[in-house]
Amino acid sequence: MKLAYDGTNFSGFQVQPNKRTVQGEIEKALSKMSKEEFIRIKGAGRTDAGVHARGQIIHFDYPRYIPEDGMLRALNALGPEDIVFLESDIVDHTFHSQYLAKGKMYHYRVDNHSLKDPFTRFYAHHHPFDIDLKRTQKALAFLEGTHDFTSFASAHSDKEDKTRTIYEASVAIDEKTEEWIFTFRGNGFLYNMIRIIMGTILQVADGRRPVEDIKKILEAKDRTTAGPTVEAKGLCMMEVYYDEDAFK
């Protein structure tokens, strides 16, 4: 199933004791449907507290046959208002939402107004300083390609191999909201990787760091050389790719 959710009131995707999570709410709805039978779901990615999604993918094994459109209607009726199920498919038993994913696309939104916009405050990181588009684009270009992203990974990352490929690191300005929308497409992302990248890119964008620092930070393979981890609320999982050709 493909779903979208507003991450504002969730403690992340993954189920946690005594906390409201996306996984927990979906499993609760499935339990109601199956007359209290527990059904575990698996997600393509474990978004953090406050992170949103428009294209999260999950899979689960339901104990009896329900048509795809019936499953879609049932979960939208039983689930909370901040989760919407968009698509439903019955797939081969070998499908796995996480392990078969070839890549993902994320957006990170930045509110660059001098005053915080109350209508985007849960969905964009407020950065009220002058930022330069050309400097930003040059900095992002250093990130594209295959690199060891150790410098841009949280110290709590559990992945030994920190080499990833970024196919697109770009920025566009939304004319309606005047938000800066950053797009990252890659074959995988480390824990907090995009939020650390954004914390560093904004330092370059507003002139606190030279553009060439991005290349030096990558080469250093040292988290302390990069910028801060920015807020989760600006981040949104937009799409998960299972066809490698379509992804690239």
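Above this text you will find the structure in question.
What you see is a predicted model, and the numbers here were worked out from it, not measured in a lab.

Peer 1: I'd like a rundown of the side chain of Asp213, residues and numbers included.
Peer 2: Looking at the element boundaries, Asp213 is found in helix H5 (residues 213-220). For Asp213, a relative accessible area of 16% translates into the label buried. A polar contact of 3.1 Å, which involves the side chain of Asp213, links it to the side chain of Arg209.

Peer 1: Please set out the environment of Lys221 residue by residue, giving values where relevant.
Peer 2: The residue Lys221 is located in the loop between H5 and strand S10 (235-241) in this model. Setting aside residues up to four positions removed in sequence, Lys221 forms contacts with Asp148, Thr150 and Ser151.

Peer 1: Could you give an account of H5, naming the residues involved and the relevant values?
Peer 2: All of the buried residues along H5 are Asp213, Ile214, Ile217 and Leu218. One side of H5 carries all its buried residues, which in axial view fall inside an arc of 140°. Of the exposed residues in H5, those oriented more than 90 degrees away from the buried face are Lys216 and Glu219. Contacts from the buried residues of H5 go to helix H3 (133-141), strand S7 (145-148) and helix H4 (193-205). Looking one or two residues beyond H5, the residue adopting positive phi is Lys221, at roughly 50°.

Peer 1: Please set out the nonpolar core residue by residue, giving values where relevant.
Peer 2: Ranked by size, the top nonpolar core spans 62 residues in total, and within it Leu30, Phe60, Leu143, Phe152 and Phe182 carry the most contacts. Sorting elements by how many residues they give to this core places H4 first, with nine residues. Excluding its chain neighbours within four sequence positions, the residues that come into contact with Leu30 are Glu37, Ile39, Ile41, Phe60, Tyr62, Met71 and Leu75.

Scoring rules and cut-offs
- Residues numbered from 1 in each chain as written.
- Predicted model: local features only at pLDDT ≥ 70, side-chain atom pairs only at ≥ 80, totals over all residues.
- Heavy atoms only, no water.
- Helix = DSSP H or I, 4+ residues; strand = E, 2+ residues; numbered from the N terminus.
- Buried < 20%, exposed > 50% of the residue type's maximum accessible area, 1.4 Å probe, protein only.
- Polar contact = N/O pair within 3.5 Å; in protein donor to acceptor, adjacent residues only side chain to side chain.
- Contact = heavy atoms within 4.5 Å.
- Arc of directions from axis to C-beta.
- Core = buried A, V, L, I, M, F, W, Y, C linked by side-chain atoms within 4.5 Å.

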